[in-house]
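# Structural characterization, general
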Amino acid sequence: MSSSAPPLIAAIEAGGTKFVCAVGTGPEDLRDVTRIPTTTPEETMGEVCRYLTMMKAKHGDFAAIGVGSFGPIDLDTSSKSFGYITTTPKPGWQYVDVVNMLRTRYHVPVAFDTDVNAAVLGEYLWGAGKGIDPLIYITVGTGVGGGVLVHGQLLHGLLHPEIGHLVVPPPLNSTAVQGICHCPFHKSCVEGYISGAALAVRWGVKADALPEDHPAWDEVAGVMAHALMNLTLSLCPKRIILGGGVMEQPHILPLIRGKLSKVMNGYLRVPELGREIDQFIVGPGLKGKSGILGALALGRYVL
Ligand code: ADP
Ligand code: ZN
C-alpha cells in the first residue's frame, strides 16, 4: 500500500446461505453492507456484481476486491483451477471460478481466501488478535472451520487449514449420549460432533435453544478442548479466537478454558495455559463482522 489515504476496497464474504458484500476502507469506514442469498452461482454472482457496480458508481473505483469464501477453494496460483470454489458439497457450486469472473469484470486485483483465513486476518489487524502472531480463528457455526496466521502470512500449503476435521476422542466421559459423529467423511471429528448442524441432529433442537445446563455443552467444551490442545501443540499460537453462533453462549468459553487446562495436564508451563488463559482463548473482537472485515482486509493485503 502506498498512498496515505486508505484505499477503497470491495469486500465479499461468500457463505453457504448468504453472501455479505460491503465497500469501505476499514472498520471505521464501512460505507455500505448488503446481504444476498446464496442460490445458484449465476443468480448470486449476478446480484453481487449488480451491487458492486452500484457501489462503484456511488463511492468511486475500488483499488481491490477481497473475497473470503466457503470452501474448499483452490489457492494454488500455479493450478488451473486457482481462484475456484472446488469440491464443495453445496449443489451447483462445484468448480465455480470466482476470482476470474470478478477480475475480468472490474479490472482490479482480487484477493481470495477462505472465510476463516479472512476472519483471522481481520481480527489480527483490527480485532481481538491485534498484532498477535501466530494467531488462530475458529468458527463454530453451521460447520466448523479455522484460519491460521503465521509470521504475518495466512497459512496455505497443500490446501488451507481444515481445522473442523481434526480428529478428537469421542466425548465418552460426557453425560450426553455417547459420541455419534455426524461428519460423512470421518468417524470422530470436531465438526461431526459440535457444529451447529451436528448439535441440531443430535439433540433435536437448534443449538441456540439448548439451555445452559444441558449436557451438550460439556461435550462441546470437551471436544473443543482437545482440538485446541492439538492446535496449541502443533502450531504454537499465541492466541486462539473462538467465533461463530455456537460460541455465542456466554458460558461456553470459561467451560472450554477449564477443559483445555485439564487435557493439557500441566504439560506446557506457560502463563497462557494458566493464569492468563482468559487472554489465550478469547471471543472475536469484531463480533459478527469478522468475516466481512476480514474480506476487506484481504483486499488491502493484496495491494
Ligand atoms: P453460519 O455458520 O451459517 O455462517 P453462524 O456462525 O451464525 O452462521 O452459525 C449458525 C449456527 O449457530 C446455527 O447452528 C445456530 O443454531 C447456532 N447458534 C446461533 N446462535 C447461537 C447461540 N446464541 N447459542 C448457540 N448456538 C447458536
Ligand atoms: Zn470430518
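Residues numbered from 1 in each chain as written. Chains lettered and ligands numbered in written order. Predicted model: local features only at pLDDT ≥ 70, side-chain atom pairs only at ≥ 80, totals over all residues. Heavy atoms only, no water.

### Structural notes on the sheet that holds strand E10 (residues 153-154)
Which entries qualify depends on this criterion: Strands pair, by our definition, only if DSSP identifies at least two bridges between them. Starting at the N terminus, helices and strands are each numbered in turn, a helix being any DSSP run of H or I of at least four residues and a strand any DSSP run of E of at least two.
Taking strand neighbours across the sheet as the criterion, the five strands line up as E10-E9-E8-E11-E12 in an open arrangement whose pairing is mixed. Strands with a single pairing partner mark the edges of an open sheet, and in this sheet they are E10 and strand E12 (281-282). Here two bridges tie strand E9 (residues 144-150) to E10, and the two strands are oriented antiparallel to one another. Paired with Leu149 across the bridge in E10 is Leu154.

### A short note on the sheet that holds strand E7 (residues 110-114)
Applied cut-off: A fitted line through C-alpha atoms represents every axis, and for helices the fit uses only the stretch in contact; the resulting angles, taken between N-to-C directions, go from 0 to 180 degrees. Here a residue-residue contact requires only that any non-hydrogen atoms of the pair lie within 4.5 Å.
Judged by pairing direction, the sheet is mixed, and its five strands sit side by side in the order E3-E2-E1-E4-E7 without closing on themselves. In this open sheet, the two edge strands, each paired with only one partner strand, are strand E3 (29-37) and E7. Within the sheet, the average angular offset between the axes of one strand and its neighbour, ignoring direction, is 15°. Relative to strand E4 (residues 64-69), strand E1 (residues 9-14) runs parallel, the two being bridged by six bridges. The residue of E4 that forms the bridge with Ala10 is Ile65. Of the strands in this sheet, E1, strand E2 (18-26), E3 and E4 are in contact with helix H1 (residues 41-59), which crosses E3 at around 160°. Strand contacts of helix H3 (residues 115-126): E2, E4 and E7, with the helix running at about 105° to E7, the strand carrying the most contacts.

### What about the coordination of the zinc ion (ligand 2)?
Defined as follows: Coordination here is defined by N, O and S atoms within 2.8 Å of the metal (3.2 Å for Na, K and Ca), and since water is not considered, a site can look incomplete. Square planar and octahedral sites, with four and six donors, are those where opposite donors lie more than 155 degrees apart and all other angles lie between 65 and 115, tetrahedral sites have four donors with every angle between 85 and 135 degrees, and the rest are irregular. Each residue's exposure class comes from its accessible area (1.4 Å probe, protein chains only) as a fraction of the maximum for that residue type: buried when under 20%, exposed when over 50%, partly exposed otherwise.
The zinc ion (ligand 2) binds to the protein through His165 (ND1), Cys183 (SG), His186 (ND1) and Cys189 (SG), with metal-donor distances spanning 2.1 to 2.4 Å. For the zinc ion (ligand 2), the four donor atoms are set out with angles of 102 to 121° between them, so the coordination reads as tetrahedral. Coordination of the zinc ion (ligand 2) draws on donor residues from a single chain, spaced H-x17-C-x2-H-x2-C in sequence. Of this pair, His165 sits in the loop between E10 and helix H4 (190-194) while Cys183 sits in the loop between E10 and H4, placing them 18 residues apart in sequence. Look at His165 and you get partly exposed, because its relative accessible area is 23%.

### Examining helix H9 (residues 290-301)
Operational definition: To estimate the expected span of a helix, count its residues, drop one, and scale the result by 1.5 Å.
Over its 12 residues, H9 runs 16 Å from end to end, which matches the ideal 16 Å to within 8%, given 1.5 Å per residue. Where burial is concerned, most of H9 is hidden: 11 out of the 12 residues are buried. What H9 keeps buried is the set Ser290, Gly291, Ile292, Leu293, Gly294, Ala295, Leu296, Ala297, Leu298, Gly299 and Arg300.

### So, the packing of aromatic side chains
Rules: Ring pairs are drawn from Phe, Tyr and Trp, using the six-membered ring of Trp, whenever the two centres fall within 6.5 Å, and their geometry is named by plane angle: stacked under 30 degrees, edge-to-face over 60, tilted for the rest.
Scanning the model with the defined rule gives three aromatic pairs in all. Where Phe19 meets Trp93, the ring centres are 5.5 Å apart and the plane angle is 40°; that geometry is what we call tilted. With Phe19 in strand E2 and Trp93 in the loop between strand E5 (84-85) and strand E6 (96-97), this residue pair connects regions lying 74 residues apart in the sequence. Residue Trp93 is classed as buried on the basis of its relative accessible area of 0%.

### Side note on the packing of helix H6 (residues 215-235) against helix H7 (residues 252-264)
Defined as follows: For classification purposes, angles smaller than 35 degrees are called roughly parallel, those larger than 145 roughly antiparallel, those between 65 and 115 roughly perpendicular, and all remaining angles oblique. Here a crossing is called left-handed whenever its near helix is offset anticlockwise from the far helix by less than a right angle, and right-handed whenever the offset is clockwise. Residues are grouped as follows: Ala, Val, Leu, Ile, Met, Phe, Trp, Tyr, Cys and Pro are nonpolar; Asp, Glu, Lys and Arg are charged; all remaining types, including Gly, are polar.
At their nearest, the axes of H6 and H7 sit 8 Å apart, and the two run at 55° to each other. Regarding the angle of H6 to H7, the classification is oblique. Seen along the crossing, H6 lies across H7 with a hand that is right-handed. Contacts from Trp217, Asp218, Val220, Ala221, Gly222, Met224, Ala225, His226, Leu228, Met229, Thr232 and Leu233 in H6 reach Ile252, Leu255, Ile256, Lys259, Leu260, Val263 and Met264 in H7. Split into classes, the residues belonging to the contact of H6 with H7 amount to 14 nonpolar, three polar and two charged.

### Description of the pairing of E9
On a regular strand, each side chain points to the face opposite its neighbour's, so the side chains alternate between the two faces of the sheet. Among the seven residues of E9, six are classified as buried, and the element is accordingly described as predominantly covered. Here strand E8 (residues 135-140) hands over to E9 after three residues, the two strands then running antiparallel side by side. Hairpin connection between E9 and E10: a loop of two residues separates the two successive antiparallel strands, and His151 in this loop has a positive phi of roughly 50°.

### Some words on the pattern of salt bridges
Quick note on the threshold: Salt-bridge detection follows one rule: a side-chain nitrogen of Lys or Arg within 4 Å of a carboxyl oxygen of Asp or Glu.
Considering all chains together, one arrives at six salt bridges under this definition. A salt bridge links Arg31 to Asp29; its shortest N-O distance comes to 3.1 Å. Judged by relative accessible area, Asp29 falls into the partly exposed class, the value being 24%. A salt bridge links Asp61 to Lys56, with the shortest nitrogen-to-oxygen separation between them at 3.8 Å.

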